[in-house]
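Notes for the structure review
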Amino acid sequence: MHLIDTHAHLTYEPLASQIDQVLSRSRAAGVTGWITVGTSPQENQAVLEQVGRTDNLWAAVGYHPHNADQITEADLGLLEEIAAHPKVAAVGETGLDYHYLHAGAENQQRIFRAHLDIAARIQKPVVIHNRQAFEEVMQILDEYAGQLKGVVFHCYGGNPEQTRQVLERGYHISFTGIVTFKKADDLRQTARMAPLDRLMIETDCPYLSPEPVRRIQPNEPALLIHTAAKLAQIHNLPLDRFAEIVSKTSCQFFGLDF
């Protein structure tokens, strides 16, 4: 079995300082490919260094909406330059976060559009962060209809109506360990709506450890197997068959040679 963790923060501590052991445990669990995600100028550089040393490890580079107030035009120019790197599979994560509002809404929207401009120019898919900003995220994405190579809503938590809108636009959705949580019945209902050619899985580690290992911190790619098992159960498939299908979906979406 070969699963791909499509959204991990492997440059975050405590994972980064023990990355060889983390990836060894991951391979032993059947999670043998990874996308590590940058969220700031410094993290993007760390991500590029990390993927250069490891097979089957790719990058996504971008600026988290929390950081939007600090991002300069020079930062955006650098992002377009590094996003063209051959081991960068996607632009992002980017989007809007109105839950914490660590950055102003206007700046978040400006930086989000800048990411989408870059993704459209270089024709790489974009990884979306959305928290309490669904309508605004969708409105901005609609401005780029027909221009983007692909769109995935990471750490997906949408309701059925939102999911209908996402899927009818041809976007992908990616589930974390939240789908395994005991009180996540609504999200499991949503997961049933997602066809397997639009569904991907991720840890978002070091956060969101899944059940039945939710108390284990930090989360790490090896634990993705529990999320995969839950989603396989939801879709009435053996785990190995589910893994085969979602790994194919991930490779096609991100353009991975895996």
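Figured I'd write up the structure that's included with this text. (Residues numbered from 1 in each chain as written. Predicted model: local features only at pLDDT ≥ 70, side-chain atom pairs only at ≥ 80, totals over all residues. Heavy atoms only, no water.)

Here we come to the sheet that holds strand 5 (residues 126–131). Hydrogen bonds between backbone atoms are what pair the strands of a sheet, whose relative direction is either parallel or antiparallel. Pairing is parallel across the open sheet formed by 8 strands, whose spatial order is 1-2-3-4-5-6-7-8. Edge strands, defined here as strands with exactly one partner in the open sheet, are strand 1 (3–8) and strand 8 (199–201). Each strand of the sheet is rotated relative to its neighbour by a mean of 30°, with strand direction disregarded. Judged from the 5 bridges that link them, strand 4 (residues 88–97) and strand 5 form a sheet pairing that is parallel. Looking at strand 5, one finds that Thr94 is bridged to Ile128. Running at roughly 155° to strand 4, helix 4 (residues 105–122) makes contact with strand 4 and strand 5 of the sheet. On top of the sheet, helix 5 (residues 134–143) reaches strand 4, strand 5 and strand 6 (151–153); it is set at about 175° to strand 6, its chief contact. (Pairing = 2+ DSSP bridges. Helix = DSSP H or I, 4+ residues; strand = E, 2+ residues; numbered from the N terminus. Axes fitted to C-alpha atoms, helices over the stretch in contact; angles between N-to-C directions. Contact = heavy atoms within 4.5 Å.)

So, on to the pairing of strand 4. The buried fraction of strand 4 amounts to 10 of the 10 residues, a majority that puts the element mostly inside the structure. The sheet contact formed by strand 3 (residues 57–61) and strand 4 spans 3 bridges and is parallel. Bridging across to strand 4, Ala59 finds its partner in Val88. Handedness of the β-α-β unit built from strand 4, helix 4 and strand 5 comes out right-handed. (Buried < 20%, exposed > 50% of the residue type's maximum accessible area, 1.4 Å probe, protein only. Right-handed = clockwise from strand over helix to strand, strands pointing away.)

On inspection of all chains with the given rule, the structure shows 7 aromatic pairs. Here Phe153 and Tyr156 contribute two aromatic rings whose centre-to-centre distance is 6.4 Å and whose plane-to-plane angle is 90°, an arrangement assigned as edge-to-face. Considering the side-chain rings of Tyr156 and Phe175, the 6.0 Å spacing of their centres and the 85° angle between planes classify their relative orientation as edge-to-face. Within this pair, whereas Tyr156 is found in the loop between strand 6 and helix 6 (160–168), its partner Phe175 is found in strand 7 (residues 172–175), the two being separated by 19 residues in sequence. (Phe/Tyr/Trp six-rings, centres within 6.5 Å; stacked < 30°, edge-to-face > 60°.)

To continue, consider the pattern of salt bridges. Tallied over the entire structure, the rule returns 10 salt bridges. Between Glu143 and Arg113 there is a salt bridge, with the nearest N and O atoms lying 2.7 Å from each other. Highlighted residues: Glu143 in helix 5 and Arg113 in helix 4, separated in sequence by 30 residues. A cluster of three or more residues bridged by salt bridges with shared partners is formed by Asp142, Glu161, Arg164, Glu168 and Arg169. (Salt bridge = Lys/Arg side-chain N within 4 Å of Asp/Glu carboxyl O.)

Any functional reading would require information beyond the geometric quantities listed.
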